[in-house]
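# Structure at a glance
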Amino acid sequence: MPLSFLTLTIFWFGQQAQHGLIAKSDRRLATLNLCFLAFVALLPFSTDLLADFLEFRTAVLVYWLNLLMLGVTLFASWHYAEKNGFVAEGVDAEAKRTVYLRIAKAQILWAIGAALCLVTPLLSVGFILVVQLIYAAALRGSLLRKVIG
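Residues numbered from 1 in each chain as written. Predicted model: local features only at pLDDT ≥ 70, side-chain atom pairs only at ≥ 80, totals over all residues. Heavy atoms only, no water.

## Remarks on the side chain of Thr47
Among the secondary structure elements, Thr47 is positioned in helix 2 (residues 27-52). The class for Thr47 is buried, based on a relative accessible area of 6%. A distance of 2.8 Å separates a polar side-chain atom of Thr47 from the backbone oxygen of Leu43. Aside from chain neighbours lying at most four places away, what touches Thr47 is Leu3, Ser4 and Tyr63. (Helix = DSSP H or I, 4+ residues; strand = E, 2+ residues; numbered from the N terminus. Buried < 20%, exposed > 50% of the residue type's maximum accessible area, 1.4 Å probe, protein only. Polar contact = N/O pair within 3.5 Å; in protein donor to acceptor, adjacent residues only side chain to side chain. Contact = heavy atoms within 4.5 Å.)

## So, the pattern of salt bridges
On inspection of all chains with the given rule, the structure shows one salt bridge. The partner of Glu94 in a salt bridge is Arg97, and the shortest N-O contact between them spans 4.0 Å. Placement of both Glu94 and Arg97 in helix 4 (residues 93-115) is noted, with a separation of three residues, approximately one turn of the helix. Judged by its relative accessible area of 47%, Glu94 is partly exposed. (Salt bridge = Lys/Arg side-chain N within 4 Å of Asp/Glu carboxyl O.)

The structure is reproduced here in structure tokens:
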């Protein structure tokens, strides 16, 4: 359960950061956000499957596919918002690029973690957990900077 909560926290903050940069929406963007929420709803299942069958590669791959789809829907919603002029005025090209890069970097790291299940599922899960802890620490640090700074 802590793994599921950690994962949800990372994606929640990512989605909230995106929403803070988007000024308007339409039905298609709302649908993309609902797809994101559908994959959020699947996370307890994929995490429980992983916990119950930790030594099986299939469980790791199901969990990773859930992470992948969360990232894909975040990426798709940002891309759609940017291409349709929904991003708030004043959001510069560097900020837009940063959103894309954060999503892509996380997905690449989790894909590496998933690939490690070919060596051993426990190594794979350990790597994914370390990546999530790094992201959580970065989130914590950025929140502290906002509160203090």
